[in-house]
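Reading the structure
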Amino acid sequence: MKKVYDHKGLAVRIKKMICDNHLFRDIHFSRENLANELDVSPARISTIFKEEIGTSFYEFVNRQRTYHARRLLKAPSHKNDTLEEIALQSGFSNRMTMHRMYLKVYGITPGEERKNTKE
């Protein structure tokens with residue numbers, strides 16, 4: 001018997017899982033991990049993201065990582081963390097990946113953000 005999927009319901013569940021549980025902070029978090037967790041195929045995950053969320057899985061995850069990095073950069077408790085540490089705490093594999101995504105999302109670099117926050 002063929003499984004019937006509620007893509008809208010799965011999309012809500014997926015977004016909640018990723019954001020509420022901060023799954024994006026795991027450097028090794030992947031579409032395959034999520035698919036295994038939900039007992040669906042990785043292709044179905046891609047379809048749900050494209051059709052219901054309007055972006056790719058990796059674009060969504062990297063945006064969540066970028067939003068988290070911004071919170072850390074602006075937090076007084078993280079003012080002494082290096083950009084590399086902020087990147088790793090946000091789920092990026094390195095500082096340069098965070099730099100590229102941050103520039104894409106916010107139009108400035110993480111270093112510029114930190115400088116603006118200090119002023």
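Just so you know, these numbers come straight off a predicted model, no measurement behind them.

Overview of the side chain of His68
In this fold, His68 is placed in helix α4 (residues 57-74). Taking the relative accessible area as the measure of exposure, His68 reaches 7% and is therefore buried. Setting aside anything within four residues of it in sequence, one finds His68 in contact with His22, Phe24, Arg25, Gln89 and Ser90.

Section: helix α3 (residues 42-53)
In a regular helix each residue adds 1.5 Å, so 12 residues correspond to 16 Å; α3 covers 15 Å between its end C-alpha atoms and thus fits that length. All buried positions along α3 are accounted for by Ile45, Ile48 and Phe49. Along the axis of α3, the buried positions cluster into a sector of 95°, meaning they face one direction only. Seen from the open side of α3, the exposed residues pointing more than 90 degrees away from its buried face are Lys50 and Glu51. Contacts from the buried residues of α3 go to α1 (7-20), α2 (31-38) and α4. Count one or two residues on from α3 and you reach Gly54, which has phi positive near 85°.

Quick word on the nonpolar core
In terms of nonpolar packing, the biggest core is built from 17 residues, with Ile14, Ile18, Leu34, Leu38, Ile45, Phe49 and Phe57 touching the most fellow members. Counting only elements with at least two residues in this core, the list comes to α1, α2, α3 and α4. In terms of residues, this core owes the most to one element, α1, which gives five residues. If we ignore the near neighbours within four places in the chain, the residues touching Ile14 are Leu34, Leu38, Ile45, Ile48 and Phe49. Listed in part, the nine residues of the second largest apolar core include Ala69, Leu72, Met98 and Tyr102.

Some details on the pattern of salt bridges
One pass over the full model with this rule turns up seven salt bridges. Here Glu52 makes a salt bridge to Lys8, at a shortest N to O gap of 3.3 Å. Here the residue Glu52 occupies a position in helix α3, and Lys8 occupies one in helix α1, the gap between them amounting to 44 residues. For Glu52, a relative accessible area of 30% translates into the label partly exposed. On the accessibility criterion, Lys8 (57% relative accessible area) is exposed.

What to know about the confidence of the model for the protein chain
Model confidence for the protein chain is summarised by a mean pLDDT of 94, while 96% of its residues fall at 70 or above. Mean pLDDT in the protein chain bottoms out at helix α7 (residues 110-118), which sits at 91, and peaks at helix α5 (residues 83-90), which reaches 98.

Examining α5
Listing the buried residues of α5 in full gives Ile86, Ala87 and Ser90. All buried residues of α5 project into a common sector of 100° when viewed along the axis, lining one side. Looking at the packing, one finds that the buried side of α5 touches α4, α6 (95-106) and α7. With its phi angle positive at about 105°, Gly91 sits one or two positions after the end of α5.

Conventions and cut-offs
- Residues numbered from 1 in each chain as written.
- Predicted model: local features only at pLDDT ≥ 70, side-chain atom pairs only at ≥ 80, totals over all residues.
- Heavy atoms only, no water.
- Helix = DSSP H or I, 4+ residues; strand = E, 2+ residues; numbered from the N terminus.
- Buried < 20%, exposed > 50% of the residue type's maximum accessible area, 1.4 Å probe, protein only.
- Contact = heavy atoms within 4.5 Å.
- Expected span 1.5 Å × (residues − 1).
- Arc of directions from axis to C-beta.
- Core = buried A, V, L, I, M, F, W, Y, C linked by side-chain atoms within 4.5 Å.
- Salt bridge = Lys/Arg side-chain N within 4 Å of Asp/Glu carboxyl O.
- pLDDT = per-residue confidence, 0-100.

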